[in-house]
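Residues per chain are reported as follows:
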Amino acid sequence: MADQNPLLLQRSSESPILVKQQPSLDDTIEQCIGNFGWTQFFQATLVSFAWFFDAQQTFISVFTDAQPKWHSTSPSNSTCNNICEIPRDSWDWDLPAHTSIISEWSLDQCAGSIVTGLPASSLFLGCLAGGFALATLADSSLGRKNMLVLSCLFMSLTGIFTALSTNVWMYITLRFISGFGKATIGTCALVLSTELVAKKWRGNVGIIGFICFTLGFLSLPGVAYLTKGSSWRLLYLWTCVPSAFYSLFVHFLVRESPRWLYVKGRKEEFAETLRSIAAPENRSSLTQSFFGGCVEWEEESQETDVYLAMKILLQNSWAFRRLVAVMVVGFGVGMIYYGMPLGLGNLSFDLYWSVALNALSEFPASFLTFFLIEKLDRKVSVLGLALLNGICSVGCVLVRWKRMQIGLELVSFFSACAAFDVLLIYTLELFPTCVRNSGVSMVRQALVFGGVFSPVLVAAGRKNGFLSYGVFGVTIAVCGLFVACLPETRGRTLCDTMDEEERKNEAINNGVDKV
């Protein structure tokens, strides 16, 4: 039996004992796939583009829920700068009321920070609920691809219905539902794209998604500027309709993760997926005899419990410690990452330019991570970026010079973007294949949970700057310290099962294995 699949167990006709040690899944996929080809690049990039639409729906409230400019219509109140101190018939909005939900439904800042921040917070609350409810489906029954398609389609349809809202409570409800549906987009896109390629390219492919997220964020001020003066509803239609078509492209053009198919024991689909994404020079060797013949799969039992992956994470002490620590770090990063763009309206700069500059600052963060991810120690990188972020965020409150203030804000957001990118790549490496999607989903929920508080703090910061940027800075600096509780993962091979991860940890702790 000279030509056998290293994923399979070869048994001698004379004895049922295993006669050949089974290589790791990483080794097998690298052997089958070969060099990083155009097929892998196309599929990984198409999957990563889901982040583009995810970014648009995440930050769309920066414009649809913006606090509009106003002017006094009464000479006696022309010097008043507080809209709450003059009668309603003594002032008016600069632009038509339908340009923002704030002016259309009279949600001015006099209503309080909780009420004005609730529409934006409802999306993050929905993401939080959806993340907990849907996180394990990609690891259990649906798989990465199907979960991604359904999440994108659900987000698109609810976004279109949001444009039909007739009052603020309908709007809040639909934003919550949209958040619930889109909760797993980033996680599934990241996990699926990195599991379609071999170890050498995993970090770089993961960064493609972050670059797509940046492009989605950057597209918003452009679309918003083109629709300036028009109804906020157009912004939802322009961003959600293309997302619906994208879902169909993914369904027909993207393959399921070969790692997930292997873990689930789906032999034929696993073999077909490897053939389709393998380099041309390797496809001729991936014959039926390579995958089948007289060899057998060591299939895992097919569990029907969709929350099995989550139970495994919680029952294993080392996995639970990792999960808690990385989620605390994620909470601090998420509060800054989602809060900074929402707080741009509090600064004395043009909103469109401020958002564009923040979106542009994501590019150097993503590209820097893209080129240095294989050289950066994960722990030191996350901790350093968190501390830099905290210092600059507090500086935004203390500094009164406008140019210095926007400069500190950009550096703070840049470090938050880089910390966000590195943290998700770090999380991918902390957990084995059988629970990886669930682990990344939980960290994403921690990021979103930090975002839940951001709109309320931003609304409060309109009166007291420290309640927004000051709280942001202190929170991320403190949360970043928890990275010290995590192991370093740079250069390590990904594990597929909990037992394999435990054995590798024991070997590293005993000084036997460095990878």
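Please refer to the structure higher up on the page.
Residues numbered from 1 in each chain as written. Predicted model: local features only at pLDDT ≥ 70, side-chain atom pairs only at ≥ 80, totals over all residues. Heavy atoms only, no water.

Draft legend 1. Structural view of the packing of aromatic side chains. Inspection of the entire model under this criterion finds 31 aromatic pairs. Centroid distance Trp-105 to Trp-232: 5.6 Å. Interplanar angle 70°. Geometry classified as edge-to-face. Pair noted here: Trp-105 is in the loop between helix 5 (101-104) and helix 6 (113-134) and Trp-232 is in the loop between helix 10 (199-226) and helix 11 (233-253), with a separation of 127 residues, a long-range link. Both residues of the pair, Trp-105 and Trp-232, count as buried. Taken together, Trp-51, Phe-59, Phe-124, Phe-210, Phe-213, Phe-217, Tyr-337, Tyr-338, Phe-413 and Phe-420 form an aromatic cluster joined through their ring pairs. (Phe/Tyr/Trp six-rings, centres within 6.5 Å; stacked < 30°, edge-to-face > 60°. Helix = DSSP H or I, 4+ residues; strand = E, 2+ residues; numbered from the N terminus. Buried < 20%, exposed > 50% of the residue type's maximum accessible area, 1.4 Å probe, protein only.)

Draft legend 2. Molecular detail of the side chain of Ser-61. Along the chain, Ser-61 turns up in helix 4 (residues 61-64). Look at Ser-61 and you get buried, because its relative accessible area is 6%.

Draft legend 3. Quick peek at the packing of helix 16 (residues 308-315) against helix 17 (residues 317-342). For the pair helix 16 and helix 17, interaxial distance at closest approach is 5 Å and the crossing angle is 95°. By the criterion of interaxial angle, the relationship of helix 16 to helix 17 is roughly perpendicular. Contacts between helix 16 and helix 17 pair Leu-313, Leu-314 and Gln-315 from the former with Ser-317, Ala-319, Phe-320 and Leu-323 from the latter. Residue composition of the contact of helix 16 with helix 17, by class: five nonpolar, two polar and no charged. (Axes fitted to C-alpha atoms, helices over the stretch in contact; angles between N-to-C directions. Parallel < 35°, antiparallel > 145°, perpendicular 65-115°, else oblique. Contact = heavy atoms within 4.5 Å. Nonpolar A, V, L, I, M, F, W, Y, C, P; charged D, E, K, R; others polar.)

Draft legend 4. Structural view of the packing of helix 17 against helix 22 (residues 469-480). Remark: helix 17 packs on helix 22, axes separated minimally by 8 Å, with the N-to-C direction vectors making an angle of 155°. Classified by the angle their axes make, helix 17 and helix 22 are roughly antiparallel. When the axes of helix 17 and helix 22 are compared, the crossing they make is left-handed. Facing helix 17, whose interface residues are Val-328, Val-329, Phe-331, Gly-332, Val-333, Met-335, Ile-336, Gly-339 and Met-340, helix 22 presents Tyr-469, Val-471, Phe-472, Gly-473, Thr-475, Ile-476 and Cys-479. Considered class by class, the residues forming the contact of helix 17 with helix 22 number twelve nonpolar, four polar and no charged. (Left-handed = near helix turned anticlockwise from the far one by under 90°.)

Draft legend 5. Main features of the pattern of salt bridges. Taken as a whole, this structure holds ten salt bridges when the rule is applied. Here Arg-322 ties to Glu-501 by a salt bridge, and the two come within 3.1 Å at their closest N and O atoms. You can see Arg-322 sitting in helix 17 and its partner Glu-501 sitting in helix 23 (residues 498-509), a full 179 residues away along the chain. Taken as a pair, Arg-322 and Glu-501 share a single burial class, namely buried. Residue Arg-378 pairs with Glu-429 through a salt bridge whose shortest N-O separation is 2.8 Å. Highlighted residues: Arg-378 in helix 19 (residues 378-398) and Glu-429 in helix 20 (residues 402-430), separated in sequence by 51 residues. Here Arg-378 matches Glu-429 in class, with each residue buried. What emerges from the salt-bridge pattern is a single network uniting Asp-54, Lys-182 and Arg-444. (Salt bridge = Lys/Arg side-chain N within 4 Å of Asp/Glu carboxyl O.)

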